[in-house]
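Tertiary structure, described
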Amino acid sequence: MANSAEKNIEFIYPDNAVIMAPLSGFTDIAFRRSLYRQGCEFAFCEMVDVSSLVYCKEKIHPMLIRGEDEKFLGCQLVGSDLEHTKIALEKLNDYNFDVVDLNLGCPVPKVAKKCAGAELGRKIDQALEVFSLFGKYSKFPISAKIRILNKEDVTPTLQLVAGLIELGARAITIHGRVKEAYYSGDVDFEQIRECVKLADNRCQIIANGGIMNYQKYAEIREKTSCKAVMVARGAMGNPYIFSELKNPQEFQEITTEQLIADMRQHIEELIELYGEESGFKISRKILHDYLKGRGFRSSCRALASQVANRNDFEEFLDYTSKNRVI
Ligand SMILES: Cc1cc2nc3c(=O)[nH]c(=O)nc-3n(C[C@H](O)[C@H](O)[C@H](O)COP(=O)(O)O)c2cc1C
């Protein structure tokens, strides 16, 4: 096999890295910048389908724009078509990425229907055939993001991890839930730990699942023995999780003034990216996330749902600044 793994290779991420996951529909450059302001150092663009990259007529795929200020950026591909994967990887070589990742964990039906994401992950031989193209055609370090494959038995997960390492994966992120669980339920720390043992420093294993605060972060690190972790929903509307994890002792609840200023800046950057009409539409889900669990009246959420232009946005910010109840 190509790219047979060596022991103690140079890892992509430093020890203790906290990596922002690719999140479809979220991790655009405006979202990523909101994270960098809070200390995030490693982020991914939104996942891109290999075929959409093949058929893209523009010089740069709109979802793969990298800002000059971005010190580290990963790209994640999803798909199972071998020819399209090969072409997509070759096209990507004209971009500038720090890692190219294969998605083997996405559970949504639209993706599963094409035998991609988590569905592909379950078909270990086929998944490895797709990943072998990464080693062959990508000039960037390669990685994969998987789920555990069977709740009762670690064997298939280990088999997939071993195959990926053999094909040159420099990092493997493991979401400790099976496909059927989607995003809920307990994270299986033990299976991730078994994968760390198997990898034995030939590949960096990154733990993912349920990191919502420092306590959950400390728990997943301790129980999986992973040094590097990937944060996902914990950063939605909460870029502050990056400062919390870095400096748990000094971390304080975000003031209303800071939240208002940060929402304003994030949405301004969304508008810059998508224009006013689409930008304000997209802003609604972002604003909902910022408000979640922070003690704002439900009427603030209702107002966020109606934001369609600058006037609405200013009205929302003004109202929200006066309607935090705890
Ligand atoms: C809205 C949303 C979009 C996601 N998009 C992706 C994606 O594009 N690629 C990917 O590998 N995982 C994706 N995920 C999964 C997350 O990266 C992560 O594995 C999962 O949410 C578990 O981590 P958490 O419990 O910390 O949220 C997505 C999750 C959510 C909620």
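Residues numbered from 1 in each chain as written. Predicted model: local features only at pLDDT ≥ 70, side-chain atom pairs only at ≥ 80, totals over all residues. Heavy atoms only, no water.

1. Re empty space enclosed by the protein
- Per the counting criterion, the structure on display carries two cavities of 30 Å³ or more.
- What the largest cavity holds in volume is close to 60 Å³.
- In this structure, the largest cavity is lined by 13 residues; those nearest its centre are Phe31, Ala235, Gly237, His266 and Tyr290.
- Looking at the lining of the largest cavity, the elements that each hand over two or more residues are α1 (29–36) and α12 (276–291).
- For the lining of the largest cavity, the class distribution of residues is eight nonpolar, four polar and one charged.
- Counting only domains with at least three residues in the lining of the largest cavity, you end up with domain 1 (18–246) and domain 2 (256–321).
- In this model, the second largest cavity occupies a volume close to 40 Å³. (1 Å grid on protein atoms, 1.4 Å probe; cavity = no way out; pocket = protein on both sides within 12 Å on 5 of 7 lines; lining within 4 Å. Points joined across faces, edges and corners; volume = space filled by probe spheres on them. Helix = DSSP H or I, 4+ residues; strand = E, 2+ residues; numbered from the N terminus. Nonpolar A, V, L, I, M, F, W, Y, C, P; charged D, E, K, R; others polar. Domains from an automatic or database assignment.)

2. Observations concerning the environment of Gly105
- Mapped onto the fold, Gly105 is located in the loop between β5 (99–104) and α4 (109–112).
- Distance from Gly105 to Ile241, taken between C-alpha atoms, is 23 Å for residues 136 residues apart in sequence.
- The contact partners of Gly105, leaving out residues within four places of it in the chain, are Gly117, Ala118, Lys145 and Arg147. (Contact = heavy atoms within 4.5 Å.)

3. Regarding the site of the ligand
- Every one of the 18 residues lining the ligand counts as a neighbour, but Gln76, Lys145, Asn208, Gly210 and Arg233 are closest to it.
- Between Lys145 and the ligand, the recorded distance is 2.8 Å, taken from a side-chain N or O atom to an oxygen atom.
- Side-chain polar atom of Asn208 to an oxygen atom of the ligand: 2.6 Å apart, as the coordinates give it.
- When the ligand is considered free in solution it has 610 Å² of accessible area, and contact with the protein chains removes 91% of it. (Near = heavy atom within 4 Å. Polar contact = N/O pair within 3.5 Å; in protein donor to acceptor, adjacent residues only side chain to side chain. Areas by Shrake-Rupley, 256 points an atom, 1.4 Å probe, with all protein chains shown as cover.)

4. Some details on the packing of aromatic side chains
- Under the defined criterion, the tally for this structure stands at ten aromatic pairs.
- Considering the side-chain rings of Tyr182 and Tyr183, the 6.1 Å spacing of their centres and the 80 degrees angle between planes classify their relative orientation as edge-to-face.
- Look at Tyr183 and you get partly exposed, because its relative accessible area is 40%.
- One aromatic cluster is present, built from ring pairs that chain together Tyr13, Phe42 and Phe72.
- Lys86 extends its terminal NZ or CZ atom over the ring of Tyr137, reaching a point 5.3 Å from the ring centre.
- The ring of Phe26 is capped by Lys285, whose NZ or CZ atom sits 4.5 Å from the centre of that ring. (Phe/Tyr/Trp six-rings, centres within 6.5 Å; stacked < 30°, edge-to-face > 60°. Buried < 20%, exposed > 50% of the residue type's maximum accessible area, 1.4 Å probe, protein only. Lys NZ or Arg CZ within 6 Å of the ring centre and 35° of its normal.)

5. Describing the nonpolar core
- By size, the foremost hydrophobic cluster in this structure holds 104 residues, and its most contacted members are Tyr13, Leu77, Leu164 and Ile172.
- The two domains that each donate at least three residues to this core are domain 1 (18–246) and domain 2 (256–321).
- In contact with Tyr13, not counting residues within four places along its chain, are Ile19, Phe42, Phe44, Phe72, Val99, Ala171, Gln204 and Ile206.
- Counting residues in each nonpolar core, the second largest holds five residues, with Met47, Cys106, Val111 and Ala116 among its members. (Core = buried A, V, L, I, M, F, W, Y, C linked by side-chain atoms within 4.5 Å.)

6. Some details on the domain arrangement of the chain
- Assigned domains of the chain: these are domain 1 (18–246) and domain 2 (256–321).
- Taking only C-alpha atoms into account, the centre of domain 1 sits 29 Å from that of domain 2.
- Contacts between the two partners involve 16 residues from domain 1, matched on the other side by 14 residues from domain 2.
- Between domain 1 and domain 2 lies a buried interface of about 1,200 Å² when both sides are counted; carbon and sulfur atoms form 51% of it.
- At the surface where domain 1 touches domain 2, the tally comes to one salt bridge.
- In this structure, Arg37 and Glu269 form a salt bridge, with 3.4 Å as the shortest nitrogen-oxygen distance.
- At the junction of domain 1 and domain 2, the tally comes to six residue pairs in polar contact (both at pLDDT 80 or more). (Buried area = accessible area lost by both parts, 1.4 Å probe. Salt bridge = Lys/Arg side-chain N within 4 Å of Asp/Glu carboxyl O.)

7. A short note on the layout of surface pockets
- Its volume calculated, the largest pocket comes out at about 760 Å³.
- Lining the largest pocket are 37 residues, with Pro22, Ser24, Met47, Cys106 and Tyr183 positioned closest to its centre.
- Contributing elements (two or more residues each) for the lining of the largest pocket: β3 (48–49), β4 (73–78), α4 and β6 (142–147).
- Split by residue class, the lining of the largest pocket holds 19 nonpolar, eleven polar and seven charged.
- Here the second largest pocket defines a volume of roughly 290 Å³.

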